[in-house]
Amino acid sequence: MTPLNHLTQAEYRAYDAVSQSDLKKCHENPQLYYEQHVAKTRPKDGSSKSQVWGTTLESILRYESPFCVIPSTALNADGHRKGAAWKEWRSLLRDDAVCVTYDEATEFYEARYNVARHELANRLVYSPSAQWSRRFTWQCPLTGMALKGELDILDVQLETVTDVKTADDIDLRTWEGDILRYG
């Protein structure tokens, strides 16, 4: 295995190797996968709403980026991040600032609170030996295919790998069940 930790998120996504998400996509729709990743005749899908939410939560849990609530005056009439007011307000912030609506902020604070008060989650996410975003590449011994993977948290001292974004709900009981269901 070769570490890819020096790559930015965008560079890692563009790195020429197959990820678990790619394999899932290929299994679900081989033709679409071929068109997007092999023939490159069709653009790749953007991040889903769930992926964006999970990535934002991870950033908030890590306290790695400035976090701010978008004022309603910066959103368009439909409450979306579009238009002149949005562009003007966003231009005043750092590029890595995490910007969320009031409703989204409420969800993220609840999720962060649930992690903080859950004994196991707190230990895994806030362990002093936790290493976030460990990226690797390797060659599949069966196919010779270049593969890549990213671990949200690798903790060698605790002997754990933690996937922060794998949950269906931020409700504490449902979330605890997800921990058990997803392992």
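Residues numbered from 1 in each chain as written. Predicted model: local features only at pLDDT ≥ 70, side-chain atom pairs only at ≥ 80, totals over all residues. Heavy atoms only, no water.

### Remarks on the environment of Thr162
Phase 1 of the analysis: You can see Thr162 is positioned in strand β6 (residues 160–162).
Phase 2 of the analysis: Of the residues examined, Thr162 reaches a relative accessible area of 11% and is grouped as buried.
Phase 3 of the analysis: Through-space distance from the C-alpha of Thr162 to that of Ala121 is 9.1 Å; in sequence the pair is 41 residues apart.
Phase 4 of the analysis: Sequence-distant contacts of Thr162, that is, excluding residues within four places in its chain, are made with Leu124, Asp152 and Ile153. (Helix = DSSP H or I, 4+ residues; strand = E, 2+ residues; numbered from the N terminus. Buried < 20%, exposed > 50% of the residue type's maximum accessible area, 1.4 Å probe, protein only. Contact = heavy atoms within 4.5 Å.)

### Quick look at the sheet that holds strand β1 (residues 2–3)
Phase 1 of the analysis: Across the sheet, which stays open at both edges, the four strands sit in the order β1-β4-β5-β6 with antiparallel pairing between neighbours. Edge positions in the sheet fall to β1 and β6, since each of these pairs with one other strand and no more.
Phase 2 of the analysis: Sheet topology places strand β4 (residues 131–139) next to strand β5 (residues 146–155); eight bridges connect them, and they run antiparallel. Each bridged residue has a counterpart across the sheet, and for Gln131 the counterpart in β5 is Leu154.
Phase 3 of the analysis: On top of the sheet, helix α4 (residues 49–62) reaches β4 and β5; it is set at about 130 degrees to β4, its chief contact. (Pairing = 2+ DSSP bridges. Axes fitted to C-alpha atoms, helices over the stretch in contact; angles between N-to-C directions.)

### Topic: the packing of aromatic side chains
Phase 1 of the analysis: Within this structure, the stated rule accounts for one aromatic pair.
Phase 2 of the analysis: An angle of 40 degrees between the planes, with centres 5.7 Å apart, marks the rings of Trp86 and Trp89 as tilted. Of this pair, Trp86 and Trp89 both sit in helix α5 (residues 84–91), separated by three residues, roughly a single helical turn.
Phase 3 of the analysis: Positioned above the aromatic ring of Tyr12, the side-chain terminus of Lys148 is 4.8 Å from the ring centre. (Phe/Tyr/Trp six-rings, centres within 6.5 Å; stacked < 30°, edge-to-face > 60°. Lys NZ or Arg CZ within 6 Å of the ring centre and 35° of its normal.)

### Quick look at a negative patch on the surface
Phase 1 of the analysis: A contiguous patch of negative charge, built from Asp103, Glu107, Glu110 and Asp171, is present on the exposed surface.
Phase 2 of the analysis: Structurally, Glu107 can be placed in helix α6 (residues 102–117).
Phase 3 of the analysis: Accessibility expressed as a relative area gives 36% for Glu107, which makes it partly exposed. (Patch = residues over 30% accessible without salt bridge, like charges linked within 9 Å, V, L, I, M, F, W, Y side chains within 5 Å. Areas by Shrake-Rupley, 256 points an atom, 1.4 Å probe, with all protein chains shown as cover. Salt bridge = Lys/Arg side-chain N within 4 Å of Asp/Glu carboxyl O. Lys, Arg positive; Asp, Glu negative; His and termini not counted. Charge placed at Lys NZ, Arg CZ, Asp CG, Glu CD.)

### Concerning the confidence of the model for the chain
Phase 1 of the analysis: Summarising the model, the chain shows a mean pLDDT of 87, and 94% of its residues fall at 70 or more.
Phase 2 of the analysis: Highest mean pLDDT in the chain belongs to β1 (96); lowest belongs to helix α8 (residues 172–182) (73). (pLDDT = per-residue confidence, 0-100.)

### Notes on the nonpolar core
Phase 1 of the analysis: Leu61, Val115, Val125, Trp132 and Ile153 are the most contacted members of the largest nonpolar core, which has 16 residues in total.
Phase 2 of the analysis: By residue number, the principal contributor to this core is α6, which donates four residues.
Phase 3 of the analysis: Each residue touching Trp132, except ones within four places of it in the same chain, is listed here: Glu58, Leu61, Arg62, Val125, Leu151, Asp152, Ile153 and Val164. (Core = buried A, V, L, I, M, F, W, Y, C linked by side-chain atoms within 4.5 Å.)

### Concerning unusual backbone geometry
Phase 1 of the analysis: You will see that Lys40, though not glycine, has its phi angle at about 55 degrees, which is positive.
Phase 2 of the analysis: Topologically, Lys40 is positioned in the loop between α3 (30–38) and α4.
Phase 3 of the analysis: Residue class for Lys40 comes out exposed when judged on its relative accessible area of 58%.
Phase 4 of the analysis: Its identity as a non-glycine residue notwithstanding, Ser133 has a phi of 50 degrees, on the positive side.
Phase 5 of the analysis: Secondary-structure assignment places Ser133 in strand β4.

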